[in-house]
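# Geometric and topological summary
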Amino acid sequence: MKDFIRITAHLSTILAAMLLFLFLFQNKIVLPPVLQSVGRMHPLLLHLPIGTFMLSSLFWLFRKQLDAISFQSIFAFTLTISAFTAVLTALMGMFLSKEEGYGGDTLYWHRTLSVIFAIGSYILMLWCQSTDVPKTGLPVFLFSLLFLLIAASHQGARLTHGDRFILQPVQKDSTAASSPITDSSSLFQAALMPLFQSKCVTCHNPQKAKGDLDLTSEAGMAKGGKHGPVWIAGDAQSQILLNIDLPLDDKKHMPPTGKPQLTYEEKNLIRQWILSGADLKKQIRAYDPTDTLMLLAAPFIQRTEITIKKYNFPAADATLIQKMNDPYCAVFPLDQNTPALQADFFVREKYNPTKLTELLKIKDQLVVLNMDNMPATDDDIASLGKFINLEKLILNHSSITNKSALVLSTLPALTSLAIAGTAVDATILAQLQKSPLLREVFLWNTKVTPEDLKSLDPKVNKIRFNLGYRPDSTEILPLTSPTKINESEILTLHDSVGLKHQIRGVVIRYTTDGSVPDSATGPVYSSPIAINKGYTLIKARAVKEGWLSSPVIEWPFFKQGIIAQKAELLSTPDEKYKAKGGLTLIDGKKGPASNFKDEAWIGFREQPFSALFQVDTFQPVYNITMSINKSVSSYILLPAEVLIYAGHSPSTLKLLKKVNPPALTKKELGTVKNDVVHIDLGGVKYLYYKINAKPLPRLPSWHPGKGERGWVFIDEVFFN
Amino acid sequence: MANEFFDHRMNITRKHFLGKAGLALGGMALGSLLVKDIFNGAGGEPSLPIGLPHFAPKAKRIIYLFQNGAPSQLELFDHKPKLLEMQGQDLPESIRNGQRLTGMTASQDKFPLIGSQFAFKQHGQAGTWFSEIIPNIAKLADDICVIKTMQTEAINHDPALTFIQTGAQQGNRPSMGSWLSYGLGSENKNLPAFCVLLSRGKGNGQGVYSKLWTNGFLDSIHQGVQFSNSDERVLYLNNPNGTDKVDRRRMLDELAKLNNISLQEFGDPEIKTKIEQYEMAYRMQTAVPELTDLSNESDLTVKMYGPDCLVPGTYAANCLLARKLSESGVRFVQLYHQGWDSHGNLINEMRGQAQDTDRSSAALISDLKQRGLLDETLVIWGGEFGRTNYCQGKLDPKNYGRDHHPRCYSIFMAGGGIKPGTSYGESDEFGYNIAKDPVHINDFHATVLHQMGLRHDQLVYKHLGRRYRLTDVAGEIVKGIIA
């Protein structure tokens, strides 16, 4: 061991001398490639002197627990190792620092401190070898060196890993937070800078500054490096472009082999940015989205997510929140990770003003309060001022008045206030303008007018007052038609017809004679209309000031006078539309005009309709009404001819009347409605009536199915 | 003696053991700090939703104005002057590129291009194009975001509807509204979280059916509740004849007592759910009539939505009701308006459909806005796919039709943290393929969930040995439309 120490000590002497020499003449050194390789072994060795020197210091602290001889030899041994590795490492570091790309203050301090430490540890080694017992003064020297070692190593670590390497994972990224990327950020900061950050600055930073280049800031870039400016606007021969386009194995290729490389897209982006003027300031929004540069840059622009608001107040007790919830007031956090709460009131009928007092328990946490459509009064909301973090308040259609202005305007955190449909007027505006943070107020359906807003002092008007929909007085809309109250169009003896309209203040005008009701002079509906005839067509329209009168609507009404006891089909209806046979005609069920496939309709085409009815007694029959579907474009029309036969037995029927319903006109092509064929008989008395109805044999030439046979669909036949 | 010795050794070893074990345990405990969720049994799987958003939501509620039957994007939003220029010429094969067609036009030997016969105009600060038949929606240009590059996989109504509503074409999955009810629960405990309103226009219609608002494999409380257009808006909610409110209350109280006995005996949480559902139905008896009674609406509201809004069963009435439901905390209100399937007679049919929907759709958005609710309510307007740029059948500019086109179509959204006053994506100059920024149905779903504060890949339900999501295995959030 002694030999080993002696030889190592000798070697150390040689190296220490060499180190001192090189340190003094460092600016003049020209390194042969062999030494360059030796230099690159600096990181391989550098932790050895650190470790052994610290070990030596520890042995010193525990020297009393070892016998003197053992301590002496162990102490000398570790010191020797550390001195030898220290000078060797420092020497290698000197070589390495000569390579391209190192410079700056950090290097200066690392080099200086390291050399002093290496020489110091060498001296310490000599000191301890020459005497057997540690001297006074030795501990001071030992621990000063230890301190020096830590300082030198720290500088070295900064050089390799950069500042904040260790704390970075726990520290907030201050640079990202300070400049969110939005459309008003410069394209350079949004797309180019992140590239440099991820691919270049590990070497080109103020500490390391390889090639005297600092790419961490716009100032550093403008300054350029050893080879001059990084780029020249519009110049395809700019330095950076030359470097990044060199083949990967070229020494000057950037980023160097082994480091993360620029992708094809990234290189294109840098080139295009330089070629199009290397503008550092131009905002993203100033670019045409179809601009080549913008197209290349778009994938790289990471717009900052809208920063999620952080609430610093403590969370309320979860069981308390649970307890406050009831079906008519929901209290819940805005999301899973926030102490901020929202409270919503529901069901006007169940509104309970004491709930607001209960909410005071969470007055610090309540951020949104929704009392939409609750009959809250000024007194109820007088306590709202205590909700110091309330940001959004909805009081639409509540019973509040101008009296609440003060409370509302002094809510310290309020930014959005909705009081649409309340009794407030323009006097509330000035008070609201005093609110510190209020940004938007919703005033639809209040007494506030656009003129009121214009008269506000423009200098303090930082609030957006939203007046919402205001009807355009030139736009006059047509009313909807009235509706009938009766569900069925078939009336029994004492039924009358009721009409209604959903809009308040509407006047309904109607006729029962088939004429169009006049919107100004037609009879006004006030009470249900009595119907006496077997068949009545009611036409009605709605009229109101400020509106166009509605389109005329019409309903046929049938009085069920004599109910036929039996009905029997004498001809065969179409296979698809045979419904329930003869019964269908007297079951009191009307089919919808729009759906001839309904079970209430019987359809005939190939054979004419023919049916036999048996009526109750020898009551006089004044008329017969056939209810018939008219869907012109579906070929469903009135029959061409109707024949009525009557008699006291089915075998003694004779022809009573022949009717030709009005002919089809071209105007009716789109018509879909319930129509009738009404036959007056003048009070005849028979037991049996037979009705024959012949479909139109040929559709007219203007109809899409010209020349084809028409259909007849019947749902009911009424006798009166 | 030997025994004592043995005991002593045992003591030492026990001390040793405990000491060492303590240290080792401490080490393990320290190590376990680095393994998240090691002790909560979840094993890194997304846990069941707790009824709160994963992160701060932009939108709290959704109103989906579904235009059933697929409105033509070329007559509403996607302005393609090139089609007018080349009207009557064949769709170039380089554009269609052999992509499949429906059985209705696949046998056509010519595909004559047809441009919109309605005039287009730019509106709003961004100069978004709108057709003349939707003037009221056009007035909202600065409030809405038109997505011109929606893309679906299905080419026929049923699978396409099922896909956009449930995220799958086959129809056994939960609907969007059900997923949201499952993820976020009900805000208002007096109403269902998912309500469905139906209306029918005069145009060629396509069916809607309850599988579109199904809860699928989720609990049935997440099913959409269909409001009927009759006087009784929610079926079976009213007390039967002869039962008054007091009787009903007494009946429910007695029933709850019996159910509570069962609950104590068996501890089945389903029993508790049942009791709660009965109570909710009881509360709905108060809450629903308050909402569905439109007779107290002001003249101003009637004028805004148009007078149709007081006629039950119309689209306008449903828009008004949708606003009232949403305002009362219903998480998802789904409207369907039938009649957009314009295979022929397109000009008349679309005019009619636009007349039905334009004023009231726009009114709904403005109404939410003027009440301060638009920022937290997401309104979606659109159909299941688009329509072809060529004419179905023989070309007649006065009476033409368009077939189904799933590759590129338009919808619009408003509120709920969607970027207002923009249009997103571009179709090619024929309006056939997507030129820029496609939005697949899965992406659309991911974005909608994102706006509601939910991570689409975390909202899962395990069923038949597999984890299901609304977005299945895909879905990218469309950042470009988020404000």
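Residues numbered from 1 in each chain as written. Chains lettered and ligands numbered in written order. Predicted model: local features only at pLDDT ≥ 70, side-chain atom pairs only at ≥ 80, totals over all residues.

## A few points about the overall build of chain A
Counting secondary structure elements, chain A contains 18 helices and 24 strands. A compact globule built from 720 residues should have a C-alpha radius of gyration of about 27 Å, whereas chain A, at 50 Å, is more than 25% larger. Dimensions of chain A, computed from the C-alpha atoms along their principal axes, are close to 155 × 65 × 60 Å. (Helix = DSSP H or I, 4+ residues; strand = E, 2+ residues; numbered from the N terminus. Rg over C-alpha atoms; globule rule 2.2 N^0.38 Å.)

## What to know about the overall build of chain B
On a plain count of helices and strands, chain B comes out with 12 helices and 17 strands. Considered along the principal axes of its C-alpha atoms, chain B spans approximately 115 × 65 × 45 Å. Looking at chain B as a whole, 48% of its 483 residues qualify as buried. When contacts within chain B are restricted to residue pairs at least 6 apart in sequence, those whose partners lie at least 24 apart make up 76%. (Buried ≥ 20, exposed ≤ 12 C-beta atoms within 10 Å, placed from the backbone. Contact = placed C-beta atoms within 7 Å.)

## Side note on the sheet that holds strand β3 (residues 366–370) of chain A
Backbone hydrogen bonds are what pair the strands of a sheet, in a parallel or an antiparallel way. All names here are of chain A. Overall, mixed pairing links the seven strands, which are arranged β1-β2-β3-β4-β5-β6-β7 in an open sheet. Of all the strands in the sheet, just β1 (329–333) and β7 (464–466) have a single pairing partner and so form its edges. Each strand axis lies, on average, 10° off the axis of its neighbour in the sheet, ignoring direction. In the sheet, strand β4 (residues 392–394) pairs with strand β5 (residues 416–418) via three bridges, with the strands oriented parallel. Opposite Ile-394, over in β5, you have Ala-418 as the bridge partner. (Pairing = 2+ DSSP bridges. Axes fitted to C-alpha atoms, helices over the stretch in contact; angles between N-to-C directions.)

## A look at the confidence of the model for chain B
On average, residues of chain B score 89 in pLDDT, and 92% of them reach the 70 mark or higher. Confidence estimates for the predicted assembly give a pTM of 0.71 and an ipTM of 0.85. (pLDDT = per-residue confidence, 0-100.)

## Notes on the packing of helix α4 (residues 47–61) of chain A against helix α7 (residues 138–161) of chain A
All names here are of chain A. Their axes nearest at 11 Å, the elements α4 and α7 cross at an angle of 150°. One element, α4, and the other, α7, form an angle in the roughly antiparallel class. Every pair of crossing elements has a handedness; the one defined by α4 and α7 is left-handed. Residue-level inspection shows Ile-50, Phe-53, Ser-57 and Trp-60 of α4 in contact with α7, the latter providing Pro-139, Leu-142, Leu-146, Leu-149 and Ser-153. A per-class count over the contact of α4 with α7 returns seven nonpolar, two polar and no charged. (Parallel < 35°, antiparallel > 145°, perpendicular 65-115°, else oblique. Left-handed = near helix turned anticlockwise from the far one by under 90°. Nonpolar A, V, L, I, M, F, W, Y, C, P; charged D, E, K, R; others polar.)

## As for the sheet that holds strand β16 (residues 566–569) of chain A
All names here are of chain A. Reading across the sheet, the five strands line up as β16-β18-β23-β20-β21 and stay open at both edges, with antiparallel pairing between neighbours. Looking along the sheet, the strands with just one partner apiece sit at the ends: β16 and β21 (654–659). Sheet twist, expressed as the mean angle between neighbouring strand axes with direction ignored, is 20°. Pairing of strand β20 (residues 641–647) with β21 involves five bridges; the strand directions are antiparallel. Within β21, the position partnered with Ile-644 by the bridge is Lys-657.

## Some points on the interface of chain B and chain A
Taken residue by residue, the interface counts 34 residues in chain B and 33 residues in chain A. When residues of the side of chain B that touches chain A are traced back to their parent elements, those giving at least two are α8 (269–292), α9 (299–305) and α11 (346–370) of chain B. Residue composition of the side of chain B that touches chain A, by class: 13 nonpolar, 13 polar and eight charged.

## Regarding unusual backbone geometry
With omega at -10°, the peptide bond leading from A:Met254 into A:Pro255 counts as cis. Positive phi, close to 55°, is recorded for B:Asp437, a residue that is not glycine. Overall, B:Asp437 belongs to the partly exposed group, with 15 C-beta atoms counted inside 10 Å. Phi at B:Leu464 is positive, roughly 50°, even though this residue is not glycine. Tracing the backbone shows B:Leu464 in the loop between β16 (461–463) and β17 (466–468). Taking the number of C-beta atoms within 10 Å as the measure of exposure, B:Leu464 has 7 and is therefore exposed.

## Regarding the environment of A:Ile691
Residues and elements named next belong to chain A. The topology assignment puts Ile-691 in strand β23 (residues 688–694). Ile-691 sits in the buried class, given 24 other C-beta atoms within 10 Å. The residues contacting Ile-691, other than those within four sequence positions of it, are Ala-611, Val-642, Ile-644 and Val-717.

## Comments concerning α7(A)
Residue and element names in this part refer to chain A. A rise of 1.5 Å per residue sets the reference length of α7, with its 24 residues, at 34 Å; its end C-alpha atoms lie 34 Å apart and thus fit the reference within 8%. Taken residue by residue, α7 has Leu-142, Leu-145, Leu-149, Ala-152, Gln-155 and Gly-156 as its buried positions. Positive backbone phi, at 85°, marks Gly-162, one or two positions downstream of α7. (Expected span 1.5 Å × (residues − 1).)

## A few points about the nonpolar core
By size, the foremost hydrophobic cluster in this structure holds 212 residues, and its most contacted members are B:Ile147, B:Val379 and B:Met413. In this view, B:Met413 contacts B:Ile144, B:Cys145, B:Ile147, B:Leu378, B:Val379, B:Ile380, B:Ile418 and B:Ile481; residues no more than four positions away in its chain are not counted. (Core = buried A, V, L, I, M, F, W, Y, C linked by C-beta atoms within 7 Å.)

## Overview of the pairing of strand β7 (residues 332–338) of chain B
Residue and element names in this part refer to chain B. The buried fraction of β7 is high, at seven of seven residues. What you see with β7 is no split at all: Phe-332, Gln-334, Tyr-336 and Gln-338 on one side and Val-333, Leu-335 and His-337 on the other are buried throughout. Two strands pair when backbone bridges link them, and strand β1 (residues 61–67) and β7 are joined in this way by six bridges, in the parallel orientation. Note on β7: the bridge partner recorded for Ile-62 is Phe-332. Relative to β7, strand β5 (residues 194–200) is paired through seven bridges, and the arrangement is parallel.

## So, the packing of helix α2 (residues 33–40) of chain A against helix α5 (residues 68–97) of chain A
Residues and elements named next belong to chain A. Packing of α2 against α5 leaves a shortest axis separation of 7 Å and a crossing angle of 120°. The chirality of how α2 crosses α5 is left-handed. On α5, the residues that touch Leu-35, Gln-36, Val-38, Gly-39 and Arg-40 of α2 are Met-92, Phe-95 and Leu-96. Here the contact of α2 with α5 is composed, by residue class, of five nonpolar, two polar and one charged.

## Quick look at helix α10 (residues 315–327) of chain B
Residues and elements named next belong to chain B. For α10, built from 13 residues, the straight-helix expectation of 18 Å at 1.5 Å per residue is met to within 8% by its first-to-last C-alpha distance of 18 Å. With 12 of 13 residues buried, α10 is to be regarded as a mostly interior element. The set of residues buried in α10 consists of Tyr-315, Ala-316, Ala-317, Asn-318, Cys-319, Leu-320, Leu-321, Ala-322, Arg-323, Leu-325, Ser-326 and Glu-327. Gly-329, located one to two residues past α10, shows a positive phi value of around 90°.

## Topic: the environment of A:Ile244
All names here are of chain A. Its location among the elements puts Ile-244 in helix α11 (residues 239–245). Given 19 C-beta atoms within 10 Å, Ile-244 falls into the partly exposed group. With 26 residues separating them in the primary sequence, Ile-244 and Ile-270 have C-alpha atoms 9.7 Å apart. Residues contacting Ile-244, with those up to four places away along its chain left out, are Met-254, Leu-262, Lys-267 and Ile-270.

## Things to note about the confidence of the model for chain A
Summary statistics for chain A give a mean pLDDT of 86 and a share of 96% for residues scoring 70 or more. Here residues 174–178 of chain A scores under 50 on pLDDT; set against residues more than four positions off or in separate chains, the count is one contact.

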